[in-house]
Amino acid sequence: MTQRASDNQFFNLEKARILLLDGDTMSVAILTQILAGFGAKNLIKCTAVDAAKAHALKGEIELFLIDPSVEGGSGYKFVSWLRRTCPPPNRFSSILAVSGHTPVSTVKQVRDMGYNFLDAKPLTPTGLYQRIMWVARERRPYVQNKFYAGPDRRFKFEGLPPGSDGRRESDLPADLGDPSAPNMSQEDIDAMVQPLRISI
């Protein structure tokens, strides 16, 4: 099954090798059904970190979906191992966190451990698809130093596109509708997305 990513791009998970790591077999079953709906056929289902490590050492995996809380929080350690110790190419693969607990502390820890994105449970096909599309399109360089290993979190201001009214084709439409929840304060937003100064 091929999913339409945009007017001139198609997105297909049929040949992608995807590893699922979640201690809850029901969550693994739900993830399997959602991904099968996207055409995914090469799914590696793990409920323990040791099994996930063994598969990560066997062959290339394009996408990891990991519950950080597996085995009492060992999902974080597994991602740290992936990002710092696992041989390429899996060291550089996309990693999505799927978590039923998403307080600010979890979001920060997921970000700082080198995950690409976080999707909160209960998962929906639309939400998961959007996050997979995001990591597929916005592939950032890999960064590693003594403080961090994972996708580059630094952003640069490129200015307005020449000859435009300030909008890019990829920008959201101006009419977004009413918010579904209260907005975060600017202080909270700054704390979450503040670029880090990294020396390589």
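Coordinates for the structure precede this section.
Structural notes, computed from the coordinates. Since this is a predicted model, take the numbers as computed values, not measurements.

Description of the sheet that holds strand E5 (residues 63–66)
- Read across the sheet, five strands follow the order E4-E3-E5-E6-E7 without closing on themselves; strand pairing throughout is parallel. With partners counted over all chains shown, the strands left at the sheet margins are strand E4 (42–46) and strand E7 (117–120), one partner each. Sheet twist, expressed as the average angle between the axes of neighbouring strands with direction ignored, equals 20°.
- Summarising the sheet, strand E3 (residues 17–21) and E4 pair through five bridges and their orientation is parallel. Pairing of Leu19 across the sheet is with Ile44, part of E4.
- Here helix H3 (residues 70–84) sits on the sheet and contacts E3, E5 and strand E6 (94–99); the angle it forms with E5, its principal contact strand, is near 155°.

So, the pairing of E5
- The alternating pattern of E5 places Leu63 and Leu65 and Phe64 and Ile66 on opposite faces, both of which are buried.
- Bridge count between E5 and E6: four bridges; the pairing is parallel. Its bridge partner being in E6, Ile66 is matched across the sheet by Ala97.
- Crossover handedness for the path E5 to H3 to E6: right-handed.

Considerations on the pattern of salt bridges
- Applying the stated criterion across every chain yields a total of five salt bridges.
- Close ionic contact of Lys121 with Asp22 constitutes a salt bridge, the shortest N to O distance being 2.7 Å. With Lys121 in the loop between E7 and helix H5 (125–137) and Asp22 in the loop between E3 and helix H1 (25–37), the pair connects residues that are 99 residues apart, well separated along the chain.
- Classification of Lys121 by relative accessible area gives partly exposed; the value is 23%.
- The salt bridge involving Asp67 is made with Lys121; its shortest N-O contact spans 2.8 Å. Highlighted residues: Asp67 in the loop between E5 and H3 and Lys121 in the loop between E7 and H5, separated in sequence by 54 residues.
- Through salt bridges with shared partners, a single ionic network connects Asp22, Asp67 and Lys121.

How each quantity is defined
Residues numbered from 1 in each chain as written. Predicted model: local features only at pLDDT ≥ 70, side-chain atom pairs only at ≥ 80, totals over all residues. Heavy atoms only, no water. Pairing = 2+ DSSP bridges. Helix = DSSP H or I, 4+ residues; strand = E, 2+ residues; numbered from the N terminus. Axes fitted to C-alpha atoms, helices over the stretch in contact; angles between N-to-C directions. Contact = heavy atoms within 4.5 Å. Buried < 20%, exposed > 50% of the residue type's maximum accessible area, 1.4 Å probe, protein only. Right-handed = clockwise from strand over helix to strand, strands pointing away. Salt bridge = Lys/Arg side-chain N within 4 Å of Asp/Glu carboxyl O.

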